[in-house]
2 protein chains.
Amino acid sequence: MEAGRRGKQKAAPTLHDVARQAGVSVATASRALNGSSTRTVRPEYISRVVAAAERLGYQPHLSAQAIALGSTPTAALVVSDIDDPYFSSIASGVIVAAQAHALIPTVAVADRSPARELQIVRTLRGQRPRVIIVAGSRIDGAGTDTTLDDELQAYQAVGGRVVMVSQESLRFPTVAIDNAGGGRQLASALVSRGYRRFAVLSAARKIRTSRDRCDGFLAGLREAGMPEPLVVETRFTRDGGYEATRRLLDGGPPTVDAIVTVNDVMAIGAMTAIRDAGFTPGRDVGVAGFDDISWCADLDPALTTVAIPLHQVGVMAMELALGDDPQQPVIRVPTSVILRDSTPSR
Amino acid sequence: MEAGRRGKQKAAPTLHDVARQAGVSVATASRALNGSSTRTVRPEYISRVVAAAERLGYQPHLSAQAIALGSTPTAALVVSDIDDPYFSSIASGVIVAAQAHALIPTVAVADRSPARELQIVRTLRGQRPRVIIVAGSRIDGAGTDTTLDDELQAYQAVGGRVVMVSQESLRFPTVAIDNAGGGRQLASALVSRGYRRFAVLSAARKIRTSRDRCDGFLAGLREAGMPEPLVVETRFTRDGGYEATRRLLDGGPPTVDAIVTVNDVMAIGAMTAIRDAGFTPGRDVGVAGFDDISWCADLDPALTTVAIPLHQVGVMAMELALGDDPQQPVIRVPTSVILRDSTPSR
DNA sequence: TTGTAGGCGTTATCAG
DNA sequence: CTGATAACGCCTACAA
């Protein structure tokens, strides 16, 4: 009896308790509460059972249901960092979509570590969720890649649904973001506005998203007949953008027309760095990013960016996962350039 | 091989499979993998079991464990909106803390609806998580309040740990944010900088967080001997801040020295509205908010705000929940004013 | 329509 | 140290 510290610790009421209170068998109680598809229960009993359940504050033990039925009514999402607007927007989409399908959303944070990501997916498998959506930034050559793939494959093999976001994979349905295309469009748009000399702030090349955006932009520049820009590698964060820009401006006035960063938070850091160096973003140097996170338009100057419908991406990932047999296992999400005052015509 | 539509659906390997492969009993396999506290297993068997598990890609069925052990290694967090930096910062804290304690974090989004929140907590109870942290903005007089309380109480009665964030409750441990104190300090700081006439943009009075901040600010003003400011009620969002400010500035140049909003995202909207009306935030009107979300310092002018260690709040909530018998059931989190260029001395 | 019994995967107990 | 076996809470044939 003595459960220790926590004292009397009445156990949570079970279906048995409800059944007893209502004076029926567990089977009937179960059917009364869940409405069996084949059997039907006398109305009077139903109300009696429901009343008993109410009175006892009964909640079915999901794990018990899960074990009886095979899987948990759960949808798991893996992201790199929930406090990053890129991921929190995707997450919000996944979460509402999950809830719309009566699935309990679960969020794991891999903290940008492939090893952690692998460990998470392993643990997740034990949860037996109906869906696993992986939105972390794929990192090439981390060694853990095939292992992660295997793990997901094993999960899929027993009926789980896997969806990757952004990081296209041959083996799983994917919501693919056209990062390269976005980069290309951005290059062309900026060139039309009269920009010629660029600095590109990218993250480590092994980060796929960054590389695709960067390469797309370079390709666009080439297509427009522009010379190769300066490419600076830094971290994929606000601080990375800040520091790289500081260094760029160390020698004096900007030697480039515009700084293009591979995401918006880097661009925000870059704008601050430009100001701290005594210049004005937009006027002295153009600035552009990727993602179109919430307050791009509230910055001063408002930030030019490659828009990605992140919330929608989350929703689509969920729909793709739940769709019956995706004939079209890859959804390509188009991107679009939004020109704002951080890159005025010049 | 053909996994077909839903086809052969090999079931996931169970502990039985592992045991059979290793040529031991399930009991031994279980002990070998989880290291029972009382029994110990021959090393040779251990390695054999581990090898078999590896080979089969075995993952323990968490629901089965849960049902055998009583609860899930899970920590649930309820927020209003994960895409709001206030909540995503708290969430990031909760999530890392949960993972540090080997708990699987689960996030539910109540979408600012008390009814939804209640429904979520009910569902959550069925999950049998070890912890439920409620961080949604408490709304007074929604009618669902006592019901929510009851639901949480029932959960607590069977050994669950409940922690509330911000919304102080007599019945549950709370991480209380000193919103009123922050408002008071902000008033005093702004008055010292020479501000006299204020407009306060608050959200609906029934939203506790907003009301406390607003009232604290008013109290601070009174203590400083200032006249009552203009109080405008609007939505608790960026757009709410924008619209209210637009209206305020409709008649021409600002009639107040500063606009104080009850959170940063409203302040961001306000700054844009000020610009759109042809004025300059900071120079023509001061602007200040609450929270100190990530890019307050990257705005131009940088935003004066009442800082709240949101990530830390999340971590503390988790620690509070897991602490052995909290003698001190309420942790008060102090707030501090950060003066920046959006409120220069005048 | 209702109840009984067996099983889901794991852990804990209790004999060997 | 190891192996049966009984729970754990629920669902679902199957029998009544």
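Residues numbered from 1 in each chain as written. Chains lettered and ligands numbered in written order. Predicted model: local features only at pLDDT ≥ 70, side-chain atom pairs only at ≥ 80, totals over all residues. Heavy atoms only, no water.

(A) Expanded view of the overall build of chain A. If you tally the helices and strands in chain A, you get 12 helices and 12 strands. Whereas a compact globule of 346 residues would reach a radius of gyration of roughly 20 Å, chain A reaches 26 Å, over 25% beyond that. Referenced to the eigenvectors of the C-alpha coordinate spread, the extents of chain A come out at roughly 85 × 45 × 35 Å. In chain A, which comprises 346 residues, the proportion classed as buried is 54%. Looking at chain A alone, contacts between residues at least 24 apart form 74% of all its contacts between residues at least 6 apart. On chain A, roughly 14,300 Å² of surface is accessible, and the fraction owed to carbon and sulfur atoms is 51%. Averaging the positions of the 38 positive and the 36 negative side-chain charges in chain A gives two centres separated by 7 Å. (Helix = DSSP H or I, 4+ residues; strand = E, 2+ residues; numbered from the N terminus. Rg over C-alpha atoms; globule rule 2.2 N^0.38 Å. Buried < 20%, exposed > 50% of the residue type's maximum accessible area, 1.4 Å probe, protein only. Contact = heavy atoms within 4.5 Å. Areas by Shrake-Rupley, 256 points an atom, 1.4 Å probe, with all protein chains shown as cover. Lys, Arg positive; Asp, Glu negative; His and termini not counted. Charge placed at Lys NZ, Arg CZ, Asp CG, Glu CD.)

(B) Layout of the sheet that holds strand β12 (residues 336–338) of chain A. Residues and elements named next belong to chain A. Strand order in the open sheet formed by 6 strands is β7-β6-β8-β9-β10-β12, with mixed pairing between adjacent strands. Only two strands of the sheet have a single partner each, and these edge strands are β7 (230–233) and β12. Sheet twist, expressed as the average angle between the axes of neighbouring strands with direction ignored, equals 20°. This element, helix α9 (residues 208–223), spans β6 (198–202), β7, β8 (258–261) and β9 (286–291) of the sheet and lies at about 165° to β6. Most of the contacts of helix α11 (residues 264–276) go to β9, to which it runs at about 160°, and overall it touches β6, β8, β9 and β10 (304–307). (Pairing = 2+ DSSP bridges. Axes fitted to C-alpha atoms, helices over the stretch in contact; angles between N-to-C directions.)

(C) Spatial organisation of the protein's contact with DNA strand D. Taken together, 27 residues lie around DNA strand D, and Leu15(A), Asn34(A), Thr28(B), Arg31(B) and Thr40(B) are the ones closest in. The share of sugar and phosphate among atoms of DNA strand D within 4 Å of the protein is 63%. At a separation of 3.3 Å, a phosphate oxygen of DNA strand D approaches a polar backbone atom of Ser25(B). Between Arg31(B) and DNA strand D, the recorded distance is 2.6 Å, taken from a side-chain N or O atom to a base nitrogen. Those elements giving two or more residues to the surface near DNA strand D turn out to be α2 (26–34) and α4 (62–69) of chain A together with α2 (26–34) and α4 (62–69) of chain B. Per element, the largest residue contribution to the surface near DNA strand D is 5 residues, and it comes from α4(A). Class assignment for the residues of the surface near DNA strand D results in 14 nonpolar, 8 polar and 5 charged. (Near = heavy atom within 4 Å. Polar contact = N/O pair within 3.5 Å; in protein donor to acceptor, adjacent residues only side chain to side chain. Nonpolar A, V, L, I, M, F, W, Y, C, P; charged D, E, K, R; others polar.)

(D) Region of interest: the nonpolar core. Within the largest apolar cluster, 86 residues are counted, with the highest numbers of intra-cluster contacts made by Phe198(A), Phe217(A), Phe198(B) and Phe217(B). Beyond its immediate sequence surroundings of up to four residues, Phe198(B) is in contact with Leu190(B), Val191(B), Phe217(B), Leu221(B), Pro229(B), Leu230(B), Val256(B), Ala258(B) and Val260(B). Core analysis: the second largest hydrophobic core is formed by 62 residues, Tyr86(A), Val165(A), Val333(A) and Ile82(B) among them. (Core = buried A, V, L, I, M, F, W, Y, C linked by side-chain atoms within 4.5 Å.)

(E) A look at the interface of chain B and chain A. With 55 residues of chain B in contact, the opposing surface of chain A contributes 55 residues. Between chain B and chain A, roughly 4,900 Å² of surface is buried when both sides are summed, and carbon and sulfur atoms account for 51% of that area. Summed over the three residues of chain B that lose the most area to chain A, namely Gln59(B), Trp295(B) and Asp298(B), the buried surface amounts to 14% of that side. There are 4 salt bridges connecting chain B and chain A. When residues of the side of chain B that touches chain A are traced back to their parent elements, those giving at least two are α4, α5 (85–100), β2 (104–109), α6 (114–127), α7 (145–157) and α11 (264–276) of chain B. (Buried area = accessible area lost by both parts, 1.4 Å probe. Salt bridge = Lys/Arg side-chain N within 4 Å of Asp/Glu carboxyl O.)

(F) Structural context of the protein's contact with DNA strand C. In the neighbourhood of DNA strand C, 28 residues make up the surrounding shell, with Thr28(A), Arg31(A), Leu15(B), Asn34(B) and Tyr58(B) lying closest. Among the atoms of DNA strand C lying within 4 Å of the protein, the sugar-phosphate backbone contributes 64%. Between DNA strand C and His61(B), the relevant distance is 3.0 Å, taken from a phosphate oxygen to a main-chain nitrogen or oxygen of the residue. Contributions of two or more residues to the surface near DNA strand C are made by α2 and α4 of chain A together with α1 (15–22), α2 and α4 of chain B. No other element matches the 5 residues that α4(B) contributes to the surface near DNA strand C. Of the residues that constitute the surface near DNA strand C, the class distribution is 14 nonpolar, 9 polar and 5 charged.

(G) Here's a closer look at the relation of the copies chain B and chain A. Rotating chain B by 180° and translating it 0.0 Å along the rotation axis places it on chain A, where the RMSD comes to 0.1 Å. The superposition operator between the copies reduces to a two-fold rotation axis. Most of the interface of chain B is mirrored in chain A, where 98% of its interface residues are also at the interface. (Least-squares fit on C-alpha atoms with pLDDT ≥ 70 in both.)

(H) A look at the domain arrangement of chain A. Residue and element names in this part refer to chain A. Annotation of chain A at the domain level lists domain 1 (10–68), domain 2 (71–177 + 311–334) and domain 3 (179–308). The centre of domain 2, based on its C-alpha atoms, is set 29 Å off from the matching centre of domain 3. Counting residues at the interface gives 10 residues for domain 2 and 12 residues for domain 3. Its largest share of buried area at the contact with domain 3, domain 2 owes to Tyr86, Asp140 and Ile177, together 40% of the area lost on that side. Between domain 2 and domain 3 we count 0 salt bridges in total. (Domains from an automatic or database assignment.)

(I) Looking closely at empty space enclosed by the protein. Residues and elements named next belong to chain B. Summed over all chains, the structure comprises 8 cavities of 30 Å³ or more. The wall of the largest cavity is formed by 19 residues, among which Tyr86, Phe87, Ser137, Thr209 and Phe236 lie closest to the centre. With 4 residues, helix α9 (residues 208–223) is the largest single contributor of residues to the lining of the largest cavity. In the lining of the largest cavity, the residues fall into 5 nonpolar, 7 polar and 7 charged. Residues lining the lining of the largest cavity come from more than one domain, with at least three contributed by each of domain 2 (71–177 + 311–334) and domain 3 (179–308). (1 Å grid on protein atoms, 1.4 Å probe; cavity = no way out; pocket = protein on both sides within 12 Å on 5 of 7 lines; lining within 4 Å. Points joined across faces, edges and corners; volume = space filled by probe spheres on them.)

(J) The arrangement of helix α8 (residues 179–192) of chain B in detail. All names here are of chain B. Here α8 spans 20 Å end to end across 14 residues, near enough to the 20 Å set by a 1.5 Å rise per residue. Among the residues of α8, those classed as buried are Asn179, Gly181, Gly182, Gly183, Leu186, Ala187, Ala189, Leu190 and Val191. Among the residues trailing α8, Gly194 stands out with phi positive, at a value near 100°. (Expected span 1.5 Å × (residues − 1).)

(K) Broad picture of the packing of α1(B) against α2(B). Residues and elements named next belong to chain B. Two numbers describe how α1 lies on α2: the axes approach to 8 Å, and their chain directions differ by 100°. One element, α1, and the other, α2, form an angle in the roughly perpendicular class. Two secondary-structure elements touch here, α1 through Leu15, His16 and Ala19 and α2 through Val26, Ala29, Ser30 and Leu33. Considered class by class, the residues forming the contact of α1 with α2 number 5 nonpolar, 2 polar and no charged. (Parallel < 35°, antiparallel > 145°, perpendicular 65-115°, else oblique.)

(L) Focus on the layout of surface pockets. Volume-wise, the largest pocket comes out at about 1,000 Å³. Taken together, 39 residues make up the lining of the largest pocket; nearest its centre are Tyr58(A), Gln59(A), Pro60(A), His61(A) and Arg128(B). Those elements that provide at least two residues to the lining of the largest pocket are α1 (15–22), α2, α3 (43–56) and α4 of chain A together with α6, α7 and α12 (310–322) of chain B. The biggest single contributor to the lining of the largest pocket is α7(B), with 5 residues. Split into classes, the residues belonging to the lining of the largest pocket amount to 17 nonpolar, 13 polar and 9 charged.

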